[in-house]
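# Examination of the molecular architecture
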Amino acid sequence: MALHAVDDLSDAYRATKSFLLPVEWGRWLRLALLSLFVAGSSGGGTPTSNFQAPFGTGTDPSPGTGPGMDQFGEFVGQELFLIVGIAAVLFVIALVLQWFAAVFEFSFLEALRTDEVHVRRYTSQFSGLGTRLFAFRLVFGLLTLLAVGGLALLIVGPMLLGVGVAAPLLLGVLLVPIFIVLGIVAGIVYVFTTAFVAPIMLMEDRGVLSGWKRFWGVFKSAWQDFLVYVLVGLFLMIAIGIIVGIVMAIIGVAIALPVVVAFLVGGPLLGGLLAIPAVIVAVVVYGIVQVPVQTYLRHWSLLVLGDVEPDLDLIPDRRESVRGETTS
């Protein structure tokens with residue numbers, strides 16, 4: 001039996017080359033913006049009562065001595081509203097970015113399907129599908145976090161209550177396989193949702209759960225292909241991660257070098273001013289580097305899905321083009 005997940009690796013390369021070449025920088029910059037988003041995709045009280053001053057003789061340290069834990073606690077108490085406000089703003093920003101990431105998943109897929117790359121038009125067109133995917137990712141992430149947190153609480157809880165250490169540690173060892181299985185299952189669900197369910201949602205205008213129901217029937221008929229997809233994809237992502245890491249390290253040094261020179265020659269002010277455009281350039285470069293990576297990975301998953309279930313082929317024209325097939 002042919003394993004499409006293996007056979008389609010070379011076809012995905014040819015499809016990627018056909019889609020990206022010749023280079024049109026306006027098109028690449030729009031793809032870089034999409035790739036930047038889709039590549040992604042996150043205590044107890046302060047024991048101040050036990051604080052002992054390193055200098056002094058009493059158990060109640062005088063103000064101004066020690067590392068300042070009392071002052072820190074007082075600052076937190078006074079500025080609690082500000083701290084909570086900043087945390088809330090950062091949380092909202094993170095949610096907005098994740099929403100754009102979900103919408104851009106469909107924008108990227110549509111670009112592969114139509115060979116036209118748009119940002120504003122596709123953002124408006126796929127905001128509904130993107131919102132559904134965003135909601136699923138958010139709920140699924142929270143449920144996964146609750147499951148992991150609940151298991152962790154079984155270990156940490158008895159320690160906090162003073163029951164002892166030996167029994168919770170033994171329980172922790174016994175729960176390690178469950179943590180591993182939970183992590184693997186959660187990762188596979190997330191990857192399959194992005195790689196296979198999202199294209200189904202786009203093709204048939206489905207919600208996430210309906211898309212999963214449609215995909216589940218396909219999965220059961222060709223589970224070997226999807227198992228190989230996961231295994232090959234794991235090694236593929238490791239290889240890609242190493243390559244991208246090396247490339248970005250080299251580029252990062254080239255970008256950071258002028259900032260370091262400016263800091264040494266002109267001082268912190270000049271270095272800080274130059275650091276802002278340097279960071280922007282680094283982000284843009286990272287997005288451009290991700291363009292061929294994300295284009296290849298999306299083509300690969302779409303080719304596998306279309307080979308397993310021809311009715312779900314999102315890119316039939318490009319498939320025929322790279323394989324030299326003709327339409328009957």
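Criteria and thresholds
Residues numbered from 1 in each chain as written. Predicted model: local features only at pLDDT ≥ 70, side-chain atom pairs only at ≥ 80, totals over all residues. Heavy atoms only, no water. Axes fitted to C-alpha atoms, helices over the stretch in contact; angles between N-to-C directions. Helix = DSSP H or I, 4+ residues; strand = E, 2+ residues; numbered from the N terminus. Parallel < 35°, antiparallel > 145°, perpendicular 65-115°, else oblique. Left-handed = near helix turned anticlockwise from the far one by under 90°. Contact = heavy atoms within 4.5 Å. Nonpolar A, V, L, I, M, F, W, Y, C, P; charged D, E, K, R; others polar. pLDDT = per-residue confidence, 0-100. Patch = residues over 30% accessible without salt bridge, like charges linked within 9 Å, V, L, I, M, F, W, Y side chains within 5 Å. Areas by Shrake-Rupley, 256 points an atom, 1.4 Å probe, with all protein chains shown as cover. Salt bridge = Lys/Arg side-chain N within 4 Å of Asp/Glu carboxyl O. Buried < 20%, exposed > 50% of the residue type's maximum accessible area, 1.4 Å probe, protein only. Phe/Tyr/Trp six-rings, centres within 6.5 Å; stacked < 30°, edge-to-face > 60°. Lys NZ or Arg CZ within 6 Å of the ring centre and 35° of its normal.

Taken N-terminus to C-terminus, the directions of helix α4 (residues 80-114) and helix α6 (residues 127-160) make an angle of 125°; their axes are 8 Å apart at the nearest point. On the basis of the axis angle, α4 is oblique to α6. The two elements α4 and α6 meet at a crossing, and its hand is right-handed. Across the interface between the two elements, Leu95, Gln98, Trp99, Ala101, Ala102, Val103, Glu105 and Phe106 from α4 touch Ser127, Leu129, Gly130, Thr131, Leu133, Phe134, Arg137 and Leu138 from α6. Of the residues in the contact of α4 with α6, the class split is ten nonpolar, four polar and two charged.

Overall, the predicted model of the protein reaches an average pLDDT of 85, with 86% of residues at or above 70. Mean pLDDT values over the elements of the protein span from 59, in helix α3 (residues 69-78), up to 95, in helix α8 (residues 208-221). Scored below 50 in pLDDT, residues 42-66 makes 19 contacts in the model with residues more than four places away or belonging to other chains.

Now for the packing of helix α2 (residues 25-38) against α4. In helix packing, the relevant descriptors are the interaxial angle and the interaxial distance, both defined with respect to the helix axes. Direction vectors running N to C along α2 and α4 enclose 125°, while the axes themselves pass 8 Å from each other. Considering their axes alone, α2 and α4 lie oblique with respect to each other. For the pair α2 and α4, the sense of crossing is left-handed. Across the interface between the two elements, Leu31, Leu33, Leu34, Ser35, Phe37 and Val38 from α2 touch Leu97, Phe100, Ala101, Phe104, Glu105, Ser107 and Phe108 from α4. Of the residues that constitute the contact of α2 with α4, the class distribution is ten nonpolar, two polar and one charged.

Time to look at unusual backbone geometry. Look at the link from leucine 21 to proline 22: it is a cis peptide, with omega at -5°. Take proline 22: it is sitting in the loop between α1 (4-20) and α2. Positive phi, normally seen in glycine, also occurs at aspartate 115, with a value near 65°. Within the secondary structure, aspartate 115 is located in the loop between α4 and α5 (120-125). Not every positive phi belongs to a glycine, and aspartate 205 is a case in point at roughly 50°.

Okay, a nonpolar patch on the surface next. On the surface, Leu82, Ile86, Val89, Leu90, Ile93 and Leu97 cluster together into a nonpolar patch covering about 540 Å² of accessible area. Structurally, the position occupied by isoleucine 93 is in helix α4. Owing to a relative accessible area of 44%, isoleucine 93 belongs among the partly exposed residues under this scheme.

This part takes up the packing of aromatic side chains. When we look at a pair of aromatic rings, we describe it by the centre distance and by the angle of the planes. Summed over all chains, the structure comprises 21 aromatic pairs. Ring centres of phenylalanine 192 and phenylalanine 226 lie 6.1 Å apart, and the angle between their planes is 65°; this geometry places the pair in the edge-to-face category. With phenylalanine 192 in helix α7 (residues 166-204) and phenylalanine 226 in helix α9 (residues 223-266), this residue pair connects regions lying 34 residues apart in the sequence. Neither phenylalanine 192 nor phenylalanine 226 differs from the other in exposure class; each is buried. Counting every residue linked through ring pairs, the aromatic cluster contains Phe192, Phe196, Trp212, Phe215, Trp216, Phe219, Phe226, Tyr229 and Trp300. In this structure, arginine 27 is placed above the aromatic ring of phenylalanine 19, and the distance from its NZ or CZ to the ring centre is 4.5 Å. Its end group placed over the ring of phenylalanine 108, arginine 298 keeps NZ or CZ at 6.0 Å from the ring centre.

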